[in-house]
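Fold and contact review
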Amino acid sequence: MSTTTEVRAFNRHGVLAIYRFEMARARRTLWQSLVAPVITTSLYFVVFGAAIGSRISEVDGVPYGAFIVPGLIMLSLFTVSLSNASFGIYLPRFTGTIYEVLSAPVSPLEMVLGYVGAAATKSVILGLVILATATLFVSIHILYPAWMVAFLVLTATTFSLFGFIVGIWAKGFEQLQFIPMLVVTPLTFLGGAFYSIDILPGAWRTFSLFNPVVYLISGFRWSFYGTADVGVGVSLAMTLGFLVLGLALVWWIFRTGYRLKS
Amino acid sequence: MDRAKLSPLPAVISISGLTKTYASGLQALKRVDLEIRRGEIFALLGPNGAGKTTLISIVCGIVTPTEGRVLVDGHDIVHQYRAARSKIGLVPQELHTDMFESVWGTVRFSRGLFGRAPDAAHLEKVLRDLSLWDKRNDKIMTLSGGMKRRVLIAKALAHEPEILFLDEPTAGVDVELRRDMWALVRRLRGRGVTIILTTHYIDEAEEMADRIGVVNKGELVVVEEKTALMRKLGKKQLTLHLQEPMMAIPVGLGDWNLVLKNGGSELEYTFLASEERTAIPELLLRIGELGIGYKDLNTQQSSLEDIFVSLVSERA
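So, a few notes on the structure that sits alongside this text.

The rules behind each value
Sequence order sets the numbering: in each chain, residues are counted from 1 along the sequence as written. Here chains are named by letter from A upward and ligands by number from 1 upward, in the order in which they appear as written. Only residues with pLDDT of at least 70 get local features here, since the model is predicted, and only at 80 or more are side-chain atom pairs given and counted; chain-wide, interface and lining totals rely on the full set of residues. Two strands make a pair as long as DSSP finds a minimum of two bridges between them. Put simply, DSSP H or I for four residues or longer makes a helix, DSSP E for two residues or longer makes a strand, and each gets a number counted from the N terminus. Interaxial angle, 0 to 180 degrees, is taken between N-to-C directions of lines fitted to C-alpha atoms, where a helix line uses only the stretch in contact. Here, residue contact means that the backbone-derived C-beta atoms of the two residues sit within 7 Å. Residues with at least 20 other C-beta atoms within 10 Å of their own are called buried, those with 12 or fewer are called exposed, and the rest are partly exposed. The C-beta atoms themselves are positioned from the backbone.

Before going further, it helps to spend a moment on the sheet that holds strand β3 (residues 41-45) of chain B. All names here are of chain B. Spatially, the 6 strands line up as an open sheet ordered β6-β7-β8-β3-β9-β10, and their pairing is mixed. Since the sheet does not close on itself, it has two edges, and those belong to β6 (88-91) and β10 (219-225), each with one partner. The mean angle between the axes of side-by-side strands here comes to 15°, regardless of whether they run parallel or antiparallel. Note that β3 and strand β8 (residues 194-199) share 5 bridges and pair parallel. Across the sheet, residue Leu-44 finds its bridge partner in β8, namely Thr-198. This element, helix α5 (residues 145-157), spans β6 and β7 (163-167) of the sheet and lies at about 170° to β6. Sitting on the sheet, helix α6 (residues 175-190) is in contact with β3, β7 and β8, with an inclination near 150° to β8.

And the structure:
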């Protein structure tokens, strides 16, 4: 047995092992992961696009059916990123298999890259599937495809990071559901996923500006149609701000060993 | 490299002043100092809650120490955790497994996690060694408890560690698997792997270990070569089956630690194993001088278990 194990500065194999493990977990539940969102999206199109859309016709010069597409994608992206990433780290904590990751020569950053990277990848794939589904119902023209992808990846990463934090914080399966159900879904519905906040009465519009989700949806919609509720620079800054906030929280978690190490 | 540092039996793990106080206030370890030698099998004995698992968990990086320092092959477990951890394999006490994963998938995961490039040949060897090769495509959830235990060992060996921690490896496994595991541990030691095991089964330590440490209430009560420990603390007993029963121990035998048993038909003499060279001949000589007749005699030696119980109860 060799006494000199080569130690690299970056554990590439470790990151890949976690990433592949998480992606394999998604493959085992591929049916639920993809079919459910596709059906949900189709239902939204039937209800909002066809039923309500026939009365609203256009928002900011965009047909209503097409207008809600970015919001719909974001809605799914938030919830799926959160649930995927939180479950990914909560499950090994729950079953006890986390011992192996904690005892491995894997740095906090590598752990985050593996878990959050996989969760974000799954979300981006899902976002693209929903986009593809939407094209079956409405015709969509993406004005700035590169920005669209950038917002998609940034938002998926940020919410996967939040999911990772929720998964470390959660003490039970109920708490895993708590944040997506009680915080993210209401904020998304009130965040202009299905309407422009400009149509809200004055006070409510001001109130909406305190909703962080408004900026994420607005920026994403801008990449499609070039119209936005708030400036695209502000949207981008907010998205990056959330990412930094998530990174800071994760940094604190690993520094203190919060709920990972006793 | 400095040649002076390459002494023949350098410590592969050195623990100094290790203290752990949990948030609950429980002091699980109290200033423990311990050196594990390269290539040895070290058994850590102690009752439940003594601090054995805490000690192992700190060395492996799962629990943060409150005070003290641990070096693994010269690497600090906190500041040089990558170098330290890549040398260690851990088999935990509980059967923590990924239920939906296949045996092959889980060992491949473990190897990658510890930073090693894929090596199918090595993984095949590990699985064959543990009689898991036929089960490589099975999901872990379909395996028996004993098989899951083997999977955990395979995972720990996947990255070719130099140090293997086995936390209660044979708790709840059948006799055959226990023997298999002992054989595996010996093979690993033959390849130069240092093995640290915790166990409740004292016969296991007696059978396997080169050295033994006893932990009780967070303190390392004793660390000793197994044979020396047994010699030092082991008790021997000589029983003489008398021709004629005795009512009392004769005055002339007052210097010996004697007890009459079985209605005075047996004379039992208890002495420390370290005194065995002189104890029996002297007593028998004296008995002969006093004209006491005996028809048979037998001796027995206390097991490590007796030693352990006396050590732990002494300090209770």
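We now examine the pairing of β6 of chain B. Residue and element names in this part refer to chain B. Burial along β6 is two-sided: the face carrying Ile-88 and Leu-90 and the face carrying Gly-89 and Val-91 are both buried. For β6 and β7, the ladder comprises 4 bridges, and the chain directions are parallel. Within the sheet, the bridge partner assigned to Gly-89 lies in β7 and is Leu-164.

Residue and element names in this part refer to chain B. Along the polypeptide, Leu-143 turns up in the loop between α4 (120-129) and α5. As for Leu-143 and Met-99, which are separated by 44 residues in sequence, their C-alpha atoms are 9.4 Å apart. Leaving out residues up to four positions away in the same chain, Leu-143 has contacts with Lys-135, Asp-138, Lys-148 and Val-151.

Its identity as a non-glycine residue notwithstanding, Arg-259 of chain A has a phi of 60°, on the positive side. Inspection of the secondary structure puts Arg-259 of chain A in the segment after α10 (232-256). A positive phi is found at Glu-160 of chain B, a non-glycine position, where the angle reads about 55°. Examined against the element boundaries, Glu-160 of chain B turns out to sit in the loop between α5 and β7.

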